[in-house]
Amino acid sequence: MGGVSTLSTLLHSTNKRIIQEAVTAISYIVSDSEDNKHSVVADRGLEDLSHAAFNSSILTQRYIAGIYLELVFNADIRSQIASLNSPTKALLHLCSNKDNETMRLALQTLELVAIESSDVILNQENLVFDLLNIPTNTLDASIYLLAGKILLYVAEDTVSCGKMLNTDSLKDTLMQFAKTDDPILQKVVAKVILCTLDDRDLAIKAQDMKLQDVLVYIRNNSNDRDAWNMADQGITLFNNNDFRKYQPMPPPSDSFGSTLSLRKPRPSGYPGSTFSLNKDAKMMGSQSTMLEKVRMGSRLSLRSGNQSNVGSRASLQSN
């Protein structure tokens, strides 16, 4: 489609109004058919959208986030997005937007990309900072949940988890997530903290940061049995173990994890979490289920006349 190529070229304009008009037209095109989606991403279309995400107005950025979410429903395009750095970098930039709907759409897209391949997400230099900085831009608990589920991928990977534990705002952010009193979010927070206890060096950092205080809040305030049990187990591990006496774990053979992967073996006697990921990761949902739930609220929502309802909250429910 020659017209799509022209629109992609306009995404590099220095005039923000021209970029907005081009993005609006592209948003109509991608919602029209699957063939149109492929036409939009052809000839560096994803890179062109990424460029526009950094050089456009707040409203245009919301449309761009919606376009990415629309595109990620297509399996081939989702795989293409997961293989490139620029779309993920742009989506993280959109997560720093103070517009709730832009953040929601961008985080939903990132979650689906992470389900496809967590590598491209974990490779982002500013991932942890951007996710932990989200509470400074919004008080929306549903957005916190989306950010928290992506943090779970970070917590599972030893290297990324180390970076997370080196971030001063980690405890405050997790506490703010826990204080929403959303039981699903509290389980995600508890699981993130429990993941830090699966490695001796990380457990020492978590203990020094007093992350157990977050678990104490969850145990004292949650009405959800699973959240209470997870918090209670974590508190027990923090209080009853001197992580410094255990030998360091051997480096993992695979540097990237998945929320659906099995834990790497622990040294004999190491007091890690007994909650299996395969059990608790069910809250994340399968890829097909997640796609269907997110799809429910996304299509044509940017053009429905009610922009405040862009995106879907259905993906935030447990399965």
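Structural data are supplied above this passage.
Calculation criteria
Residues numbered from 1 in each chain as written. Predicted model: local features only at pLDDT ≥ 70, side-chain atom pairs only at ≥ 80, totals over all residues. Heavy atoms only, no water. Core = buried A, V, L, I, M, F, W, Y, C linked by side-chain atoms within 4.5 Å. Buried < 20%, exposed > 50% of the residue type's maximum accessible area, 1.4 Å probe, protein only. Helix = DSSP H or I, 4+ residues; strand = E, 2+ residues; numbered from the N terminus. Phe/Tyr/Trp six-rings, centres within 6.5 Å; stacked < 30°, edge-to-face > 60°. Lys NZ or Arg CZ within 6 Å of the ring centre and 35° of its normal. Expected span 1.5 Å × (residues − 1). Polar contact = N/O pair within 3.5 Å; in protein donor to acceptor, adjacent residues only side chain to side chain.

Digging into the nonpolar core
Then comes step 1: Counting residues in each nonpolar core, the largest one holds 94 residues, and the members touching the most others are Leu107 and Met164.
Then comes step 2: Top element by residues in this core is helix H11 (residues 141–156). It accounts for 11 residues.

Some remarks on the environment of Ile64
Then comes step 1: Along the polypeptide, Ile64 turns up in helix H5 (residues 58–72).
Then comes step 2: Ile64 sits 26 residues away from Ala90 along the chain, and the two C-alpha atoms are 9.6 Å apart.

Looking at the packing of aromatic side chains
Then comes step 1: Taken as a whole, this structure holds 1 aromatic pair when the rule is applied.
Then comes step 2: Looking at Lys179, its charged tip hangs above the ring of Tyr217, at a distance of 5.8 Å from the centre.

A word on helix H14 (residues 183–195)
Then comes step 1: Here H14 is 13 residues long and its end C-alpha atoms lie 18 Å apart, about the 18 Å a rise of 1.5 Å per residue gives.
Then comes step 2: Burial runs high along H14: 12 of the 13 residues are buried.
Then comes step 3: Within the sequence span of H14, burial applies to Ile184, Leu185, Gln186, Lys187, Val188, Val189, Ala190, Lys191, Val192, Ile193, Leu194 and Cys195.
Then comes step 4: Backbone nitrogen of Ile184 and a side-chain oxygen of the N-cap are separated by 2.9 Å at the start of H14; the cap is Asp182.

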